[in-house]
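Notes for the structure review
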Amino acid sequence: AFRKMTETSQTRLLGLRGLFIEARRKGDAGASRGYAEEAVRLAPAAAWANEAVLADRCAAGDFAGARAALERAERLRVLDKATGARQRAVLLTAEALTREEPTDSQIARDLALEAHRLAPGLVPAAVVAGRLSAERGELRKAARIIETAWKEEPHPDLAEVYLHLRQGDSALDRLMRAKSLQRLRPENAESALALARAAVDAREFLKAREVLAPLVAA
């Protein structure tokens, strides 16, 4: 029935959507990709087709193709500005993660920094940007990146990078860093957990119990 619909101009797009959904259900990635691309060609502003093409490019690691798909969606106003910026940040972060090898670390860092600029609370972007900046000796910059993200979205991966920004720090040094994080979001459970872990590493067991007590009571 869906194939029959594609033979008529008035129902062609609806038929392609139906064929796309059926191909996805069957796990036929090649067919679903073809239907989505054909739909974009016929109706460039079709939201479902743009989303499908973008997802396919991402899954294939085709970041240039994914960026092109995203730019087209933004140009046609399929995506609002905030959503477009967030998705671009996700794309940049995904590409950065594939380029973390030593030979590409500078490119990975630049990509992650741009992603962090677009979406300061995107945890993976901040983690990569912070870690690679610290490896270059840019400790203050790395700290600011993590702190900015922590204010929006406290996460254990952020704490891990922040506490180990400087190689060779003692457990007490890391405890002091954990206290700095905790001050940024004092009521957040992740702040308490990061501080408690650092306190245990520093063998400050009373401090760890004190920090965790409100969470246990809750």
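In short, a report on the structure. Keep in mind the model is a prediction, meaning the values are calculated, not measured. (Residues numbered from 1 in each chain as written. Predicted model: local features only at pLDDT ≥ 70, side-chain atom pairs only at ≥ 80, totals over all residues. Heavy atoms only, no water.)

With that out of the way, let us pick up the packing of aromatic side chains. All chains considered together, the criterion is met by 1 aromatic pair. Ring geometry for F20 and W48: centres 5.2 Å apart, planes at 45°, overall tilted. Here the residue F20 occupies a position in helix 2 (residues 12-26), and W48 occupies one in helix 4 (residues 47-59), the gap between them amounting to 28 residues. W48 sits in the buried class, given a relative accessible area of 15%. When the ring centre of Y162 is taken as origin, the NZ or CZ atom of R177, which lies over that ring, is 5.5 Å away. (Phe/Tyr/Trp six-rings, centres within 6.5 Å; stacked < 30°, edge-to-face > 60°. Helix = DSSP H or I, 4+ residues; strand = E, 2+ residues; numbered from the N terminus. Buried < 20%, exposed > 50% of the residue type's maximum accessible area, 1.4 Å probe, protein only. Lys NZ or Arg CZ within 6 Å of the ring centre and 35° of its normal.)

This brings us to the packing of helix 10 (residues 156-163) against helix 11 (residues 171-184). Remark: helix 10 packs on helix 11, axes separated minimally by 9 Å, with the N-to-C direction vectors making an angle of 135°. The angle between helix 10 and helix 11 places the two elements in the oblique class. The way helix 10 lies across helix 11 gives a crossing that is right-handed. Contact residues: helix 10 offers A159, Y162 and L163, while helix 11 offers R174, R177, A178, S180 and L181. (Axes fitted to C-alpha atoms, helices over the stretch in contact; angles between N-to-C directions. Parallel < 35°, antiparallel > 145°, perpendicular 65-115°, else oblique. Left-handed = near helix turned anticlockwise from the far one by under 90°. Contact = heavy atoms within 4.5 Å.)

Now for the side chain of S133. With respect to the element layout, S133 can be found in helix 8 (residues 123-135). At 2.8 Å, the side chain of S133 and the backbone oxygen of A129 are in polar contact. When residues no more than four places from it in sequence are discounted, the contact partners of S133 are R109, L113, E138, A142 and I145. (Polar contact = N/O pair within 3.5 Å; in protein donor to acceptor, adjacent residues only side chain to side chain.)

Glancing now at the pattern of salt bridges. Counted by the stated rule, this structure contains 19 salt bridges. For the salt bridge of E22 with R25, the shortest nitrogen-to-oxygen distance reads 2.8 Å. In this pair, E22 and R25 both sit in helix 2, 3 residues apart, roughly one turn of the helix. On the basis of relative accessibility, which here comes to 64%, the residue R25 falls in the exposed class. Residues joined by salt bridges that share partners form a network here, namely R33, E37, D56, R57 and D62. (Salt bridge = Lys/Arg side-chain N within 4 Å of Asp/Glu carboxyl O.)

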